[in-house]
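Understanding the architecture of this molecule
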Amino acid sequence: MSEPQDPSEPEAAETMPPPAREPVFNLPPIVLAVIGICAAVYLLQQYVLSEEQQMTLLYDGAFIPVLYTGKYGFDWFLLTRPFTYAFMHGGLAHIAINMVWLAAFGSPLANRLGALRFAMFFAVTGLASVALFWAMHPYGEAPLVGASGAISGMMGAAARFGFRTDRSAGKAAFAGPVLPVRVVLRSRGVVIFLAMWMIINLATGLLGFVPGMDGQIAWEAHIGGFVAGFFGLRWFDRGWQAPEWETSERT
């Protein structure tokens with residue numbers, strides 16, 4: 001004989017909302033904003049501006065190392081070029097690849113840090129990218145463009161989390177504490193990723209060839225951003241606290 005059913009159970013089942021479905025294209029607003037700015041600048045360059053206007057935008061917006069030697073005097077764009085260069089791209093393949101990697105590594109980082117800290121992380125790692133690039137090519141005249149340096153910083157941050165993510169809140173976010181460097185370097189998966197990333201960057205940079213992309217690959221900028229993201233992540237990840245069950249005493 002079955003037990004009598006609580007009359008409130010069917011009603012509760014009927015009134016409960018259906019389980020929420022995670023959107024297929026679920027990117028944080030700050031990541032969508034960066035992608036939108038990059039796309040808008042690219043479309044402006046390609047389809048709106050004249051050739052002369054394109055050159056003006058490139059000169060005023062891209063990072064050109066020789067301008068920071070004092071050889072050409074001072075202009076106010078010297079203060080903005082180390083940041084605006086990241087929103088400019090040299091071709092369709094360049095922007096497409098960067099935006100895919102931005103979505104992949106930037107989304108869980110933005111969900112972890114929040115919009116403001118993510119924006120600061122993007123700016124600082126992008127600045128570190130051009131700093132190393134300038135240190136190695138102070139008299140270079142070729143303009144540097146692209147978000148690859150800041151995205152490399154996001155890859156460095158992902159390595160410090162051991163690529164651990166949490167989807168319990170309906171969106172992917174890097175999970176757990178920032179791992180000590182010694183722990184990261186003992187993780188076989190992370191070390192393999194770091195080795196492959198370094199080999200690919202050096203190979204494409206030194207050989208100067210990537211299918212579908214024109215121009216030299218600024219591998220120095222990638223390394224500058226990666227190092228800044230890898231070692232500087234703790235300065236941005238200040239709000240994380242271990243769950244209660246991890247901090248409670250065990251008997």
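Quick caveat, the model's predicted, so the values are computed rather than measured. (Residues numbered from 1 in each chain as written. Predicted model: local features only at pLDDT ≥ 70, side-chain atom pairs only at ≥ 80, totals over all residues. Heavy atoms only, no water.)

**With respect to the environment of Phe-83**
To keep it simple, the criterion reads: We count a stretch as a helix when DSSP gives it H or I for four or more residues in a row; a strand needs E for two or more, and each element gets its number in order from the N terminus. Residue contacts are counted whenever heavy atoms from the two residues lie within 4.5 Å of one another.
With respect to the helices, strands and loops of the structure, Phe-83 is situated in helix α4 (residues 77–84). Taking the C-alpha atoms as reference points, Phe-83 and Thr-125, 42 residues apart in sequence, are found 9.9 Å from one another. Residue contacts for Phe-83: discarding those within four places in its chain leaves Ala-123 and Leu-127.

**Considering the environment of Asp-166**
What counts is decided by this rule: We call a residue buried when its accessible area falls under 20% of the maximum for its residue type, exposed when it is over 50%, and partly exposed in between, using a 1.4 Å probe and counting protein chains only. Polar contacts here mean pairs of N or O atoms no more than 3.5 Å apart (in protein, one a potential hydrogen donor and the other a potential acceptor; neighbouring residues in sequence count only if both atoms are side-chain atoms).
Along the chain, Asp-166 falls in strand β1 (residues 165–166). For Asp-166, a relative accessible area of 36% gives the class partly exposed. In this structure the C-alpha to C-alpha distance between Asp-166 and Pro-108, which are 58 residues apart in sequence, comes to 8.8 Å. Aside from chain neighbours lying at most four places away, what touches Asp-166 is Lys-171, Ala-172, Ala-173 and Ala-175. One polar contact links Asp-166 to Ser-168, side chain to side chain, over a distance of 3.0 Å.

**Quick word on the confidence of the model for the protein**
The predicted structure's coordinates, where accompanied by low pLDDT, should not be read in detail. Rules: pLDDT is a residue-level measure of predictor confidence that goes from 0 to 100.
Mean pLDDT over the protein: 84, with 80% of residues reaching 70 or higher. Overall, residues 1–24 carries pLDDT values under 50, and its contacts beyond four positions in sequence, including any with other chains, amount to five contacts. Contacts of residues 243–251 to residues separated by more than four positions or lying in other chains number two contacts, the stretch itself having pLDDT below 50.

**Points about the packing of helix α2 (residues 29–47) against helix α5 (residues 92–113)**
The line we're drawing: To get an axis, fit a line to the C-alpha atoms, keeping to the stretch in contact for a helix; angles then go from 0 to 180 degrees between the N-to-C directions. Geometric relationships in this document are graded by angle, where less than 35 degrees denotes roughly parallel, more than 145 denotes roughly antiparallel, 65 to 115 denotes roughly perpendicular, and other angles denote oblique. Handedness of each helix crossing follows the sense of rotation of the near helix against the far helix: counterclockwise by less than a right angle gives left-handed, clockwise gives right-handed. Residues are grouped as follows: Ala, Val, Leu, Ile, Met, Phe, Trp, Tyr, Cys and Pro are nonpolar; Asp, Glu, Lys and Arg are charged; every other residue, Gly included, is polar.
Taken N-terminus to C-terminus, the directions of α2 and α5 make an angle of 170 degrees; their axes are 9 Å apart at the nearest point. The angle between α2 and α5 places the two elements in the roughly antiparallel class. Seen from above, α2 lies across α5 with right-handed handedness. On α5, the residues touching Ile-30, Val-31, Val-34, Ile-35, Cys-38, Ala-39 and Tyr-42 of α2 are Leu-92, Ile-95, Met-99, Leu-102, Ala-103, Gly-106, Ser-107 and Ala-110. Taken together, the residues of the contact of α2 with α5 sort by class into 13 nonpolar, two polar and no charged.

**Examining α5**
For clarity, the cut-off: In this scheme, a helix's expected span is set at 1.5 Å multiplied by one less than its residue total. Note on bend: at a given residue it equals the angle between the axes fitted to the 7 residues ending there and to the 7 starting there.
Across its 22 residues, α5 extends 30 Å between first and last C-alpha, which sits within 8% of the 32 Å expected from 1.5 Å per residue. Along α5, the sharpest change in direction is near 40 degrees and occurs at Gly-106; proline Pro-108 comes one to four residues later. One or two residues past the end of α5 sits Gly-114, with phi positive at roughly 90 degrees.

**Things to note about the packing of aromatic side chains**
Where we set the bar: Note on ring pairs: Phe, Tyr and Trp rings are taken, using the six-membered ring of Trp, and paired if centres are within 6.5 Å. Classes follow the plane angle, with under 30 degrees stacked, over 60 edge-to-face and the rest tilted.
Counted under the stated rule, the structure contains 11 aromatic pairs. Aromatic pair Phe-163 and Phe-193: ring centres 4.9 Å apart, planes at 75 degrees, arrangement edge-to-face. Of this pair, Phe-163 sits in the loop between α7 (148–160) and β1 while Phe-193 sits in helix α9 (residues 188–207), placing them 30 residues apart in sequence. Overall, the relative accessible area of 23% leaves Phe-193 in the partly exposed class. Plain terms: the ring middles of Phe-230 and Phe-231 are 4.9 Å apart, the flat faces sit at 80 degrees to each other, and that makes the pair edge-to-face. Residue classification places Phe-231 among the exposed residues on the basis of a relative accessible area of 52%. Site record: aromatic cluster; members linked through ring pairs are Trp-101, Phe-105, Phe-163 and Phe-193.

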